[in-house]
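Residue-level listing of the chains:
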Amino acid sequence: MIDLKNVSKTYDEAEGPVFDGFSEHIDRGEFILVTGKSGSGKSTLIRMLLKETDPDSGEIVVDGKELSKITKAKIPSYRRGIGVVFQDFRLFEDYTIYGNLEVVMSVTGGSMRDSEQRITNMLKLMGIDRLHKRYPKELSGGEKQKVCMARALINSPSVLLADEPTGNLDPKSSAEIFRLLEIAHRQGTTVVMATHDIATADRLATTCRRIDLDLMAKRV
Ligand SMILES: Nc1ncnc2c1ncn2[C@@H]1O[C@H](COP(=O)(O)OP(=O)(O)OP(=O)(O)O)[C@@H](O)[C@H]1O
Ligand SMILES: [Mg+2]
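Everything numeric in this text was worked out from a predicted model, so none of it was measured.

Colleague: Could you clarify how one ought to interpret the overall build of the protein chain in this entry?
Modeller: What the protein chain contains, in helices and strands, is seven helices and nine strands. Projected onto the principal axes, the alpha-carbon positions of the protein chain cover approximately 55 × 40 × 30 Å. In the protein chain, which comprises 220 residues, the share counted as buried stands at 32%. Pairs at least 24 apart in sequence give 71% of the contacts found in the protein chain among residues at least 6 apart.

Colleague: Whenever I open this one, the sheet that holds strand 7 (residues 159-163) confuses me. Can you help?
Modeller: For sheets, the rule is that strands pair by backbone hydrogen bonds, running either parallel or antiparallel. Strand order in the open sheet formed by five strands is 6-7-8-3-9, and the pairing between neighbours is parallel. Looking along the sheet, the strands with just one partner apiece sit at the ends: strand 6 (82-86) and strand 9 (209-212). Sheet twist, expressed as the average angle between the axes of neighbouring strands with direction ignored, equals 15°. Pairing geometry for strand 6 and strand 7, over five bridges, is parallel. Opposite Val-84, over in strand 7, you have Leu-161 as the bridge partner.

Colleague: Explain the sheet that holds strand 4 (residues 57-62) to me, please; I cannot follow it from the model alone.
Modeller: With respect to topology, four strands assemble into an open sheet ordered 2-1-4-5, the strand pairing being antiparallel. For this open sheet the edge positions go to strand 2 (19-26) and strand 5 (65-66), each flanked by a neighbour on one side alone. Sheet analysis places strand 1 (residues 2-9) next to strand 4, joined by five bridges and oriented antiparallel. Across the sheet, residue Asp-3 finds its bridge partner in strand 4, namely Val-61.

Colleague: Where do I start with the nonpolar core in this structure?
Modeller: The nonpolar side chains of a soluble globular protein tend to be buried, and buried together. Leu-49, Met-149, Ala-150 and Leu-161 are the most contacted members of the largest nonpolar core, which totals 48 residues. In terms of residue count, helix 5 (residues 141-153) provides more of this core than any other element does, six residues in total. Sequence-distant contacts of Leu-49, that is, excluding residues within four places in its chain, are made with Ile-2, Ile-60, Val-62, Leu-161 and Val-192.

Colleague: I keep staring at the pairing of strand 3 (residues 31-35) and nothing clicks. Help me out?
Modeller: For a regular strand, the rule is simple: side chains alternate between the two faces of the sheet. Counting buried positions along strand 3 yields four of five residues, so the element is predominantly enclosed. When strand 3 meets strand 8 (residues 190-194), the two strands line up parallel, connected through four bridges. Note on strand 8: the bridge partner recorded for Ile-32 is Val-192. Pairing geometry for strand 3 and strand 9, over four bridges, is parallel. Note that in strand 9 the partner of Leu-33 across the bridge is Arg-210.

Colleague: Could you clarify how one ought to interpret helix 6 (residues 171-186) in this entry?
Modeller: Over its 16 residues, helix 6 runs 22 Å from end to end, which matches the ideal 22 Å to within 8%, given 1.5 Å per residue. Tucked into the core, helix 6 has its buried residues touching helix 5, strand 7 and strand 8. In the segment just after helix 6, Gly-188 is the residue with positive phi, at about 105°.

Colleague: Looking at this structure, I do not really get the environment of Ile-183. What am I missing?
Modeller: Within the secondary structure, Ile-183 sits in helix 6. Among the residues examined, Ile-183 registers 14 C-beta atoms within 10 Å and is labelled partly exposed. Placed 57 residues apart in sequence, Ile-183 and Met-126 show a C-alpha to C-alpha distance of 9.5 Å.

Colleague: Can you help me understand the site of ligand 1 in this one?
Modeller: Inspection of the region around ligand 1 gives 13 residues, with Tyr-11, Ser-38, Lys-42, Ser-43 and Thr-44 positioned closest. Taken together, the residues of the shell around ligand 1 break down into two nonpolar, eight polar and three charged.

Colleague: Is there a simple way to explain helix 3 (residues 97-104) in this structure?
Modeller: Residues that lie three or four places apart on an α-helix share one face, since the helix turns once every 3.6 residues. Inspection of helix 3 places Ile-97, Asn-100 and Leu-101 among the buried residues, and these make up the whole buried set. Within helix 3, the buried residues cover an arc of 95° as seen down the axis, which keeps them to one side. Contacts made by the buried residues of helix 3 are with helix 4 (112-125) and helix 5.

Here is what the cut-offs are and how they apply
- Residues numbered from 1 in each chain as written.
- Chains lettered and ligands numbered in written order.
- Predicted model: local features only at pLDDT ≥ 70, side-chain atom pairs only at ≥ 80, totals over all residues.
- Helix = DSSP H or I, 4+ residues; strand = E, 2+ residues; numbered from the N terminus.
- Buried ≥ 20, exposed ≤ 12 C-beta atoms within 10 Å, placed from the backbone.
- Contact = placed C-beta atoms within 7 Å.
- Pairing = 2+ DSSP bridges.
- Axes fitted to C-alpha atoms, helices over the stretch in contact; angles between N-to-C directions.
- Core = buried A, V, L, I, M, F, W, Y, C linked by C-beta atoms within 7 Å.
- Expected span 1.5 Å × (residues − 1).
- Near = placed C-beta within 6 Å.
- Nonpolar A, V, L, I, M, F, W, Y, C, P; charged D, E, K, R; others polar.
- Arc of directions from axis to C-beta.

As structure tokens, then:
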């Protein structure tokens, strides 16, 4: 599902490489926790998988697509096939919750009624259908992150990338988001989640595989 082969990335020569010959294989349907101290490269890894940034060398294949071969014009369509959740939500503030889902929905040829149904079902699955007419600024952090989960999953992506999705949330909201990530995972989505929350990582360890970036050999 995801293959990283000999991936190297340096932002700043003086700082040294963030990745130096990093290789990893992730199977379809795995739930991966990417851990490591601040600055270890968790967000960089997520951003490379999303093709927000490119490695200096090496190869990254996601769901059969080699990322270096995707042209600039094709990047939006590549990203539509991937669900993403960030710590800072990144919702469209001028749209309602319903609208936030509507704008990212791929036009798949279904009727208007079908798409309404899909959005309503997704909001129900995330437990936030009562909020559909509100704007992001009218929601709590935990509620916002549930909207982000709904938005990430509305196009039934094969991969869900999450960069510290619970970083701004209290323990109760964090637990709810983890539960939603597990629902996505159980439905067959490959989940890659970056987190520095080791306690939660350990609690989830039975269903998850951990990739610890602190353990990779990279610095000279
Ligand atoms: N756009 C950038 N330009 C220059 N350096 C960068 C850039 N993005 C990240 N870095 C550097 O690369 C290293 C890895 O950063 P990254 O954000 O991937 O770490 P992280 O593991 O996500 O950390 P955190 O836990 O604090 O979120 C850091 O040393 C950071 O300063
Ligand atoms: Mg980060």
